[in-house]
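Observations on the model geometry
Residues per chain are reported as follows:
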Amino acid sequence: MNSMKPAVSINEEICRKTGLLIKELRPRKTFYERPFLKIPAPEEIRLRGYFYAVAICHQTYNLHHPGLNLYGWDYIEHVFSGLMKDQHQLLQPGFLAGTGNAGVQSLLAGLFSPDQKPENTSLDRLEERAFMLTELDRFVGDNFRSSLEYLVQNANGYLVFRGKGFYEILSDLAAFSDPKRKKVTFLIKLLEEARLVKVKDTCNFIPIMDYHMQRVLMRLGCVEVNDSSLREKLVAKILLPDDIEIRNTCIDAFRLISDISGHAVTKLNDFFWSLGRSCCNYEPLCRTGRCEKQPCTFFEIVELQEHTRCRFEKVCKGFQDEGYRQLWQPIVDTNYY
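First, a word on what this report is: a plain description of the structure on this page.

Cut-off values and rules
Residues numbered from 1 in each chain as written. Predicted model: local features only at pLDDT ≥ 70, side-chain atom pairs only at ≥ 80, totals over all residues. Heavy atoms only, no water. Helix = DSSP H or I, 4+ residues; strand = E, 2+ residues; numbered from the N terminus. Axes fitted to C-alpha atoms, helices over the stretch in contact; angles between N-to-C directions. Parallel < 35°, antiparallel > 145°, perpendicular 65-115°, else oblique. Contact = heavy atoms within 4.5 Å. Nonpolar A, V, L, I, M, F, W, Y, C, P; charged D, E, K, R; others polar. Expected span 1.5 Å × (residues − 1). Buried < 20%, exposed > 50% of the residue type's maximum accessible area, 1.4 Å probe, protein only. Arc of directions from axis to C-beta. Polar contact = N/O pair within 3.5 Å; in protein donor to acceptor, adjacent residues only side chain to side chain.

Some thoughts on unusual backbone geometry
Residue Pro 295 is bonded to the preceding Gln 294 through a cis peptide linkage, with omega at 0°. For Pro 295, the position within the fold is in the loop between helix 14 (285-288) and helix 15 (297-301). At Asn 69, a position not held by glycine, the phi torsion is positive, near 55°. Relative to the assigned elements, Asn 69 resides in the loop between strand 2 (64-65) and strand 3 (70-71). At Ser 146, a residue that is not glycine, the phi angle is positive and equals roughly 60°.

Okay, here's the thing in structure tokens:
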């Protein structure tokens, strides 16, 4: 019998402790009532705003607006909120497909520049992101009467349903091709929160798993890295060919934590993503006494009276053990998240 441990495994005890801790926490209602989810615009414009924003949201380490103190997804929300309010031409059916990749690159660069000059943009991978948007616009034009409203009607609230669910409809598009459906799930979560979709088969949701959440789950000890060579590569932030094993194990751990906490997997995302983004990143809150993002994303999302210490200290292996604190998410070249 082979008694060797797998390279990565779930620590069920820590998952249960974490789930019980999260069971006591509640998201702030204001987070689900933020302006981005309530833009006063026609439904087609809003749908395109959400679809396009999520389509280009991957590997946004460098995306930053210094003047507004916006990073990554917050900057994307800011830009697309403005586009939806203005009913900008970028969100008009057929515009992107007719503009071409170079034109869309220039447009995106200007939108994500503090002074609207394309040469000063912090949005990278422009050719890739422009392709994803033009492909999506063309796909909707060719298959759904140039209408995302019609695409949503066809899905009829299902993630998986005889080839017609959201997971199935969007799987061939570059922006949504991730076999673990991270971007699609995030998109549907937004559409639900914006009251544009109501999912009927929630049992088919695959937990959202991005790099912030992988890092947090490993540092907590919910996911154990048993292979010493892999652990060394994670700590050294060495580029890996893929993150399949770690990501799959993190997804399984997330499901277990969701069951124990009573929070849906889509809502659990808000606890872990915000924790990794602000409190448990380069300089963890448990060591510095302050969060890297100010204001702290975790405090903005989760109902707390104060936030001078990490709420996970009593269950977190990384709080006591520097070896866990040094763990970093897999460095991979991907557009999945």
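Following the structure, the description resumes.
Some thoughts on the packing of helix 10 (residues 211-220) against helix 13 (residues 265-279)
Their axes nearest at 8 Å, the elements helix 10 and helix 13 cross at an angle of 85°. By the criterion of interaxial angle, the relationship of helix 10 to helix 13 is roughly perpendicular. Between helix 10, through His 212, Met 213, Arg 215, Val 216, Leu 217 and Leu 220, and helix 13, the contact on the second element is made entirely by Asn 269, Phe 272, Trp 273, Leu 275, Gly 276 and Arg 277. For the contact of helix 10 with helix 13, the per-class residue count stands at seven nonpolar, three polar and two charged.

Some remarks on helix 1 (residues 12-23)
Over its 12 residues, helix 1 extends 16 Å from the first C-alpha to the last, a length consistent with the 16 Å expected when each residue adds 1.5 Å. Of the positions making up helix 1, those classed as buried are Ile 14, Cys 15, Thr 18, Gly 19, Leu 21 and Ile 22. The buried residues of helix 1 all sit within an arc of 160° when viewed along its axis, so they share a single face. Taken together, the buried residues of helix 1 touch strand 1 (8-10), helix 10, helix 12 (244-261), helix 13 and helix 16 (317-320). Between the side-chain oxygen at the start of helix 1 and the backbone nitrogen of Glu 13 there is a gap of 3.2 Å, and the oxygen is on Asn 11.

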